[in-house]
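# Examination of the molecular architecture
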Amino acid sequence: NNRISEHILSNLSEVGIKNHLVKRINMREQLVKLVDIIPIEFIVRNIATGSLTKRLGIEEGTVLERPLIEYCLKDDKLGDPIISREHILTFNWLNVMQLDWIDENLSRLNDFLLGMFRGVGIKLVDFKVEFGFTHESEKNQIILADEISPDTCRLWDTLTDKKLDKDRFRKDLGDLIPAYTEVAKRLGILHEQSNVSAVNVTQLSSVKRKKK
Ligand code: UDP
C-alpha cells in the first residue's frame, strides 16, 4: 500500500494535483505535510457496488452514466453518515468556493486514476479520499491528504472482474496479498519475481480481528 500510494501521489504531483506526500521513508512509513483534515470522506463512484447498492437498491455492477460524488461525515461514533452538499455548507465545514474546488479536483483525480488503472487492465470502481488545509501559506491552501491504494479504492480486473482490493478482506475472499501485489506489479513498481515475504501472518490476523 505504501509503495502503491507513493507511486500514485507522486504521479499526481506531476500533473498538478497537490497532495500531502513529501517522501516515502521506508516500507511502512511516509513523510507527509501537516494539514488540518476536513472532516469529510469524499467518495467517487464509476460503477455501483457496496453501500450504494445496499442503500438505494441500484443493481450491483451498474456502470454509472457519469461519476457520482458522495460525501460522508468523518465520525466513527455516528458510523460516517452520508451527508449532502447542503449539510456541508450549512454547518460551514466548507464554503461554496472550497467545495466547488474539491469537486473539480475529484473529477480530475477520477479521470487520472481511471486512465492509469485502465492502462494496466484494472477497472476503477470507486474510491475514497480526504482533503486538508495546509499550514504552508497564509492562504490556507487545500490539498489531497490521504493514501490512494487498494485499501481505499475498489479495483476489478478488466477481463474477469476479479476483486484486487480490500473487499477480498471484507468479504473473506482470501488471497489479499497476491491481489495487492498484482496491482503493484501491473503499475510497474514491483518486479515479477518480487516476493512480499516480510508480512507477519500473526500481525495480519490480529488486524483482521480488530478492523473489519
Ligand atoms: N472507503 C474507504 N474508507 C471508508 C469507507 C469507504 O476507503 O471508511 C472506500 C471503499 O474502499 C470504497 C469506497 O470508499 O472504495 C466506497 O465505499 P462504500 O461506501 O461502498 O462502503 P462499504 O461498501 O465499504 O461500506
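Scroll up to find the structure this text is about.
About the cut-offs
Residues numbered from 1 in each chain as written. Predicted model: local features only at pLDDT ≥ 70, side-chain atom pairs only at ≥ 80, totals over all residues. Heavy atoms only, no water. Phe/Tyr/Trp six-rings, centres within 6.5 Å; stacked < 30°, edge-to-face > 60°. Helix = DSSP H or I, 4+ residues; strand = E, 2+ residues; numbered from the N terminus. Buried < 20%, exposed > 50% of the residue type's maximum accessible area, 1.4 Å probe, protein only. Near = heavy atom within 4 Å. Polar contact = N/O pair within 3.5 Å; in protein donor to acceptor, adjacent residues only side chain to side chain. Areas by Shrake-Rupley, 256 points an atom, 1.4 Å probe, with all protein chains shown as cover. Pairing = 2+ DSSP bridges.

## Details of the packing of aromatic side chains
The full count for this structure, using the stated rule, is 3 aromatic pairs. Geometrically, the ring pair formed by Phe 42 and Tyr 71 is edge-to-face, given 5.8 Å between the ring centres and 90° between the ring planes. Taken together, the residues Phe 42 in strand 4 (residues 40–47) and Tyr 71 in strand 5 (residues 63–73) connect sequence positions 29 residues apart. A relative accessible area of 8% places Tyr 71 in the buried class. Accessibility expressed as a relative area gives 0% for Phe 42, which makes it buried. Three or more aromatic residues link up through ring pairs in this structure, and these residues are Phe 42, Tyr 71 and Phe 131.

## Comments concerning the site of the ligand
Close to the ligand lie 13 residues, the nearest being Arg 45, Ser 51, Asp 126, Arg 154 and Arg 170. Within the contact set of the ligand, an oxygen atom lies 2.6 Å away from a side-chain nitrogen or oxygen of Ser 51. Between the ligand and the protein, one listed contact pairs an oxygen atom with a side-chain N or O atom of Asp 126 at 2.6 Å. When the free accessible area of the ligand is taken as 510 Å², the share hidden by the protein chains comes to 76%. Listed by contribution, the elements that provide at least two residues to the shell around the ligand are strand 4, helix 2 (50–56), strand 7 (122–129) and strand 10 (153–157).

## Things to note about the pairing of strand 1 (residues 21–24)
Examined bridge by bridge, strand 1 and strand 2 (residues 30–32) share 3 bridges and lie antiparallel to one another. The partner of Arg 24 across the bridge, within strand 2, is Gln 30. Linking two consecutive strands that pair antiparallel, namely strand 1 and strand 2, is a turn of 5 residues.

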